Amino acid sequence: DYNVWRGKVNVIIGENGAGKSTLMNVIGGVFPPTEGKLWFDGREIIPKDPREAQDLGIGFVHQELSLCPHLTAAENIYIGRLPHSKIGKVDFKKLYADADRVLARFGANFSSRARTDTLNVSEQQLVEIAKSVSLNCKLLILDEPTSSLTDKETTKLFEVVRQLRSQGMAILYI
């Protein structure tokens, strides 16, 4: 048994091949479980896919980032749920305003209008975190988030993690 607490950074440590990432992929709906039970918010869950895990309030930032490089940061944050005007067109004004608001929570020093391929790795990671936060996740899973960051970028990431923790989010850090 392992409990994850809100407002805490919960850490999973182990050797390569120990199953840390596999466990996170089960929680995040990427892989189906083969045994055991997963409880979240007081009820048993078996996310069938990442979308269902997101709908439950589980955000997952994979070690290998999964952003669309040709899209803006805002489009990546709200991919699959872009705001639309009354006539059905994408409401870019609202999109960028909403994305800038989420990014500002973390002190991002780039615009949500920036194409993702122009951002450095830590900025791209911030976009991934902003995506999860914009989904109102209750649990944020970070899979080896510092593996490709510089010391300065790692310091910034830890600031973001502390901020999310202080807001009551549960963080599962591999």
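First, a word on what this report is: a plain description of the structure on this page. (Residues numbered from 1 in each chain as written. Predicted model: local features only at pLDDT ≥ 70, side-chain atom pairs only at ≥ 80, totals over all residues. Heavy atoms only, no water.)

## Here we look at the overall build of the protein
Stage number 1. Across its full length, the protein carries six helices and six strands.
Stage number 2. When the helices and strands of the protein are listed from N to C terminus, the series reads β-α-β-β-α-β-α-α-α-β-α-β.
Stage number 3. Its C-alpha atoms give the protein a radius of gyration of 16 Å, near enough to 16 Å, the size a compact globule of 174 residues would have.
Stage number 4. Residue pairs in contact within the protein that sit at least 24 positions apart in sequence constitute 65% of those at least 6 positions apart.
Stage number 5. Total accessible area computed for the protein in this model is approximately 10000 Å², and 52% of it derives from carbon and sulfur atoms.
Stage number 6. Taking the average place of the 22 positive charges on the side chains of the protein and the average place of its 21 negative ones, the gap between the two points comes to 9 Å. (Helix = DSSP H or I, 4+ residues; strand = E, 2+ residues; numbered from the N terminus. Rg over C-alpha atoms; globule rule 2.2 N^0.38 Å. Contact = heavy atoms within 4.5 Å. Areas by Shrake-Rupley, 256 points an atom, 1.4 Å probe, with all protein chains shown as cover. Lys, Arg positive; Asp, Glu negative; His and termini not counted. Charge placed at Lys NZ, Arg CZ, Asp CG, Glu CD.)

## Description of a nonpolar patch on the surface
Stage number 1. The grouping of Val9, Val11 and Ile13 at the surface amounts to a nonpolar patch, some 280 Å² of accessible area in total.
Stage number 2. Looking at Val11, the relative accessible area reads 40%, which means it is partly exposed. (Patch = residues over 30% accessible without salt bridge, like charges linked within 9 Å, V, L, I, M, F, W, Y side chains within 5 Å. Salt bridge = Lys/Arg side-chain N within 4 Å of Asp/Glu carboxyl O. Buried < 20%, exposed > 50% of the residue type's maximum accessible area, 1.4 Å probe, protein only.)

## Some points on helix H4 (residues 92-104)
Stage number 1. When the terminal C-alpha atoms of H4 are compared, their 18 Å separation across 13 residues agrees well with the 18 Å that a helix rising 1.5 Å per residue should span.
Stage number 2. Three or more residues of H4 are buried, namely Leu95, Tyr96, Asp98, Ala99, Val102 and Leu103. Viewed along the axis of H4, the buried residues span an arc of 165 degrees, placing them on a single side of the element. Of the exposed residues in H4, the ones pointing more than 90 degrees away from its buried face are Lys93, Arg101 and Ala104. (Expected span 1.5 Å × (residues − 1). Arc of directions from axis to C-beta.)

## Thoughts on the environment of Thr150
Stage number 1. Looking at the secondary structure, you find Thr150 in the loop between strand E5 (139-142) and helix H6 (151-166).
Stage number 2. Exposure remark for Thr150: the relative accessible area of 43% places this residue in the partly exposed category.
Stage number 3. Through-space distance from the C-alpha of Thr150 to that of Ser122 is 8.5 Å; in sequence the pair is 28 residues apart.

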